[in-house]
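Structural overview for review
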Amino acid sequence: MTEIANVASADVALQLDRASSAQERFRIMYEVLRDRICMLVYAPGTQLGEEALAAEFGVSRSPLRKVLQNLEADGLLLSQQGIGTLVTDIDVDELEQVYRLRMELNELTGRLAPASIDARLRALFEEMHKRSVALRGEPARESFARLNIDFFHAFQQLTENQPLKEVSERLFYQTCRIWLKMIPSMTLENEVDIFCREIEEICSAVALGDVLAAAMIRKAHLSMGFTRLRSHRQGP
């Protein structure tokens, strides 16, 4: 994951113009659109027009159509004949099996080719910790969602197993929108506090060089988070 997804809309066309290959241009458009979907810039049910997006990005519709097809394969978009391409909705119950698989994959992060903790990784997780402290001091939905995505990509660097990374990333993006959708009716401050404690615990494990401990902490918090989501959905 690059910083491409975080750039302003006006800069996307420039990034695409500077891209050195068709593959890089595809990645830029894919990450930008995926980010917008997962940050609810494009809410569930939003129709994405190929013509408008192609004009925004300064590309033809052909490469853009390939990007949309990949996002549909990821479960983030749905193409309906006579209607167009729509952002899919999200449901806790329907994604239960995805969550359970993510729990197991998190543990595998600490067992399959765990990364050697060096100064770069320690600095990365220290930065994540600093951002969590700032979020705790000033809770906000968008900041919560942004840190959730960025921390996932930091956590991905704890394994060098590429197939595991690829599967984990796809499943993460299928589920991460749930939090933004549910938080307006949940207690934001409480969820931020829980997430920040998770980050603090994982960062402590990384500082010690214990990738397996970090992975087990992540798995436990994912399990508890899913349980909270289901309990809130079902009500008292």
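For the structure given in this document, a descriptive report is provided here. Computed from a predicted structure; not experimentally measured.

**So, the nonpolar core**
- Ranked by size, the top nonpolar core spans 41 residues in total, and within it Phe125, Leu158, Ile178 and Leu229 carry the most contacts.
- Going through the elements one at a time, helix 5 (96-109), helix 6 (119-137), helix 7 (141-156), helix 8 (162-175), helix 9 (177-182), helix 10 (188-207) and helix 11 (211-234) are the ones with two or more residues in this core.
- Ile28, Ala54, Ile149 and Phe152 belong to the second-largest nonpolar core, a separate cluster that totals 30 residues.

**Concerning the pattern of salt bridges**
- Evaluated as defined, the whole model comprises 22 salt bridges.
- Note that Glu96 and Arg100 form a salt bridge whose closest N and O atoms lie 3.0 Å from each other. One end of the pair is Glu96 and the other is Arg100, both in helix 5 and four residues apart, which spans about a single turn.
- Residue class for Arg100 comes out partly exposed when judged on its relative accessible area of 44%.
- Residue Asp193 pairs with Arg197 through a salt bridge whose shortest N-O separation is 3.2 Å. Within this pair, Asp193 and its partner Arg197 are both found in helix 10, separated by four residues, close to a single helical turn.
- By relative accessible area, which is 27% here, Asp193 ends up partly exposed.
- Overall, Arg197 belongs to the partly exposed group, its relative accessible area being 34%.
- The structure contains a network of salt bridges with shared partners spanning Asp35, Arg131, Arg146 and Asp150.

Calculation notes
Every chain begins its residue count from 1, and numbering advances along the sequence as written. Residues qualify for local features only when their pLDDT is at least 70, as the model is predicted, and side-chain atom pairs are given and counted only at 80 or more; totals for whole chains, interfaces and linings, by contrast, use all residues. Working from all heavy atoms in the structure, the side-chain values ignore hydrogens and water. The criterion is simple. A nonpolar core is a set of buried Ala, Val, Leu, Ile, Met, Phe, Trp, Tyr and Cys residues joined through side-chain atoms within 4.5 Å. The cut-offs for exposure are 20% and 50% of the maximum accessible area for each residue type, with area from a 1.4 Å probe on protein chains only; residues under the lower value are buried, those over the upper are exposed, and the others partly exposed. The helix and strand labels rest on DSSP assignments: H or I over at least four residues marks a helix, E over at least two residues marks a strand, and numbering proceeds from the N terminus. Salt bridge criterion: a side-chain nitrogen from Lys or Arg within 4 Å of a carboxyl oxygen from Asp or Glu.

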